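Residues per chain are reported as follows:
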Amino acid sequence: MDSSQLLGITTFTYLFSTILYAVIFIFKAKKLGTPATVFTVLAFLVQTAGLLLRWQESYKIGYGHAPLTNMYESVVFFAWTIILMYLLIEWKFKTKVIGAFAVPFAFLAMAYASFSTGINKEISPLIPALQSNWLLAHVVTCFIGYAAFAVAAGLGIMYLVKNTSESRKTTNNESLLGTLPPLKVIDDITHKTMVFGFLWLSVGIITGAIWANSAWGTYWSWDPKETWSLITWFIYAITLHARYTRGWGGTRIAWLALFGFVSVIFTYYGVNFLLSGLHSYGSN
Amino acid sequence: MKKKNPVFSFFASVKLALFTLFMLAVTSIIGTVIPQKESFDWYVQRYSESTAKLFEVLSIPDMYNSWWFLGLLGLLSLNLIVCSIDRFPGVWKQIKADNLANDLSRLAKMRLSEKWDLDKTEAECASELTNKLASNGWNSAQRKRDDSLLIFAQKGAMTRTGVYIVHASILVIFIGAIVGELYGFKGSIMLPETKSTTSIFQFGSGSPIDLGFEVRCDRFDIEFYDTGMPKAYRSHLTVLEDSKVILEKNIVVNDPLTYKGITFYQSSYQGYQDFILSVAEKNTDTSESVTLSFQQRANLSNHNNTAIGIINAEMRGQSVSRIKIWFKDEQGPASVFWIRAGDEVTVQRADTEYIIGGKQMYATGLQVAKDPGVWIVYIGCGMMILGLFVAFFMSHRRIWLLLKEEHGSTSILLAGSTNKNKMGFEKTFSSLADVLKSN
């Protein structure tokens, strides 16, 4: 068994998790709740083993670094943090339907990592700029933030779907969307998830700044990646202020959760391909 | 209450904060799409003459330092300051409030409240309840109110300051950045091996900056992985004052050298066509280095009739990987051998042994920075994380107990409130109520 096999399996197990949660949502198959959770936890453990194995393999080759150093590894780690975040939310808020809106993000990430032809899966050595203890702190904190924003976006979609049907007055407890939690609850979880993400994004930006200072002597150089992370930070800062002080909620916050996540994806992915800068090593 | 003037209200408003953050987010995009700090001609070529001129007028080529962008940051700072002046006193009043002076009729109307009776005197109840509170981490105070006794306990009063810590942290970071801008510098130097310098060149202007000491590059090496990817760039630097060695360090990317507040970062390199050869004789312990061009030879000055030369060299990309060396002393025929660039070998001659090393000559590219504001920025960052944590995950929780004795029995009213996380506090409140009610 090597790490690429384990991570390959993960892609399909997350697909299966997605299907299970979709079935719970669509067919109101509440009995499948526990199996879906158990299966997702198992899939998560398989992926964890895959990541740890890849870490160990890099030491065997003699490179010795955490599996967080190129696009493939970061996408896989993104999927891992999304599932972790989702499982924590399921455990804390005891709502399983959210899985139908959050787990697909992890599956899509894994599918992209596994099947995209433009992505290099090799374990490659670290270039000098990446040889730092800050690598782990910076990448992990950023991705916890990204994953929280991904789940918040899933919750935002959930809110908008339910809200649209409620405003058409088609929802009752018998209908499809009746299985979704009440709008107020979705709104509350969306907000809490964004708050959590905002804290970690802040830590991620700060660890990045400290790292940049120890590598180049400049903690902030308005490199496109830095700038976009700040733009994302502004968007969530606006969202949180609008909620705390102007009482925004519901549809507007749901849209902002989606809009913020678009900015996250651009920061994470778009910048590497569309703009040039210090983070360009992330593009292979 | 002081009367608020409209200008003050405007600068204290959340509307302004939302507007400023929105403008910062939107305008920041410009600099990620239009390449920054290029020359005027570059923009003319990439866009057009008129566009380039428009950019010039709007300071687009250096937008993050432009008057309007800094103006937005200034507006944000002003907003933060005025907003804090406006709101903080109120928050402080809540923190320092005398919660034992509360209007008693309001207690029963609180969202969280419970009532029960105990067949004990007020004093007995009070000591029992305060003990139970204390063992659950609630330190209480009490005061006689008319014919009843009010007990109050709170947790996390200071957490109300969380938001203001975050706001202050942003200002602290800005102050750190300004200090760095005023009292620091950023520059670079391309320093050939064996050479030293007492000044470096400022970024942008290119004007020399005096270091106040001398820094020498003794040696620069590149290590490669088997794949041919660079593994490490390493410069051996020596700091000298009055020609005396003060400090020596091997620097690599991510591990710079700092002396007197000035830090030298490994950032680039440049390969020369020359070679540096070193010869050390084991017996006499004499050593020396020479700099040679390709296929040149030179006589050594410390060793009689001894000469060394470069016959050949192999390249890997822009760097020399192997060198073929020719070496001859007073005895016997010349030794000819290959060595890996940067390595040393022992060469056996008739009466003695030499350790001979050879490498391509490089200049190391150093970024040089002095930033006395960086610690202020880091303190601001620490404050921000602390403040966000406090603001998001901690709350000010307050509980009151109102005891009233009548006919040997005491009626007890428990009430509680929190400023955040209402659901979490409901659980805390009901389990605390259970503890207080139990015998």
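Criteria and cut-off values
- Residues numbered from 1 in each chain as written.
- Chains lettered and ligands numbered in written order.
- Predicted model: local features only at pLDDT ≥ 70, side-chain atom pairs only at ≥ 80, totals over all residues.
- Heavy atoms only, no water.
- Pairing = 2+ DSSP bridges.
- Helix = DSSP H or I, 4+ residues; strand = E, 2+ residues; numbered from the N terminus.
- Axes fitted to C-alpha atoms, helices over the stretch in contact; angles between N-to-C directions.
- Contact = heavy atoms within 4.5 Å.
- Buried area = accessible area lost by both parts, 1.4 Å probe.
- Salt bridge = Lys/Arg side-chain N within 4 Å of Asp/Glu carboxyl O.
- Nonpolar A, V, L, I, M, F, W, Y, C, P; charged D, E, K, R; others polar.
- pLDDT = per-residue confidence, 0-100.
- Buried < 20%, exposed > 50% of the residue type's maximum accessible area, 1.4 Å probe, protein only.

1. Re the sheet that holds strand E2 (residues 140–145) of chain B
All names here are of chain B.
Link 1 in the chain: Taken together, five strands build an open sheet; the order of strands is E1-E19-E18-E3-E2 and the sheet is antiparallel. Two strands bound the open sheet, and with one partner strand each, they are strand E1 (112–118) and E2. Ignoring strand direction, the axes of neighbouring strands in this sheet form an average angle of 20 degrees.
Link 2 in the chain: Taken together, the seven bridges between strand E3 (residues 148–155) and strand E18 (residues 397–406) define a ladder with antiparallel strand orientation. Opposite Gln 154, over in E18, you have Arg 398 as the bridge partner.
Link 3 in the chain: Against the sheet, helix H7 (residues 122–135) makes contact with E1, E2, E3, E18 and strand E19 (409–418), and its axis sits at roughly 160 degrees relative to E18, the strand it touches most.

2. Comments concerning the interface of chain A and chain B
Many authors give the size of an interface as the accessible area that is lost as the parts come together.
Link 1 in the chain: Opposite the 44 residues of chain A that make contact, chain B presents 47 residues.
Link 2 in the chain: In terms of surface lost to chain B, no three residues of chain A exceed Pro 128, Tyr 219 and Trp 222 of chain A, which account for 17% of the buried area on that side.
Link 3 in the chain: The interface formed by chain A and chain B contains zero salt bridges.
Link 4 in the chain: Broken down by class, the residue content of the side of chain A that touches chain B amounts to 31 nonpolar, ten polar and three charged.

3. Here we look at the pattern of salt bridges
Residue and element names in this part refer to chain B.
Link 1 in the chain: Inspection of every chain in the model, using the stated rule, returns 22 salt bridges over all chains.
Link 2 in the chain: As a salt-bridge pair, Lys 53 and Glu 49 come within 3.8 Å of each other at their nearest N and O atoms. Taken together, the residues span about one helical turn, with Lys 53 and Glu 49 both in helix H4 (residues 49–57) at a distance of four residues.
Link 3 in the chain: Between Glu 122 and Lys 144 there is a salt bridge; the shortest N-O distance is 2.5 Å. Of this pair, Glu 122 sits in helix H7 while Lys 144 sits in strand E2, and the two are 22 residues apart along the sequence.

4. Considerations on the confidence of the model for chain B
Link 1 in the chain: Per-residue confidence for chain B averages 90 on the pLDDT scale, and 99% of its residues sit at or above 70.
Link 2 in the chain: Complex prediction metrics read pTM 0.89 and ipTM 0.90.

5. Description of the side chain of Ser 17 of chain A
All names here are of chain A.
Link 1 in the chain: When you line up the elements, Ser 17 lands in helix H1 (residues 3–27).
Link 2 in the chain: The class for Ser 17 is buried, based on a relative accessible area of 0%.
Link 3 in the chain: Setting aside residues up to four positions removed in sequence, Ser 17 forms contacts with Phe 39, Thr 40 and Val 103.

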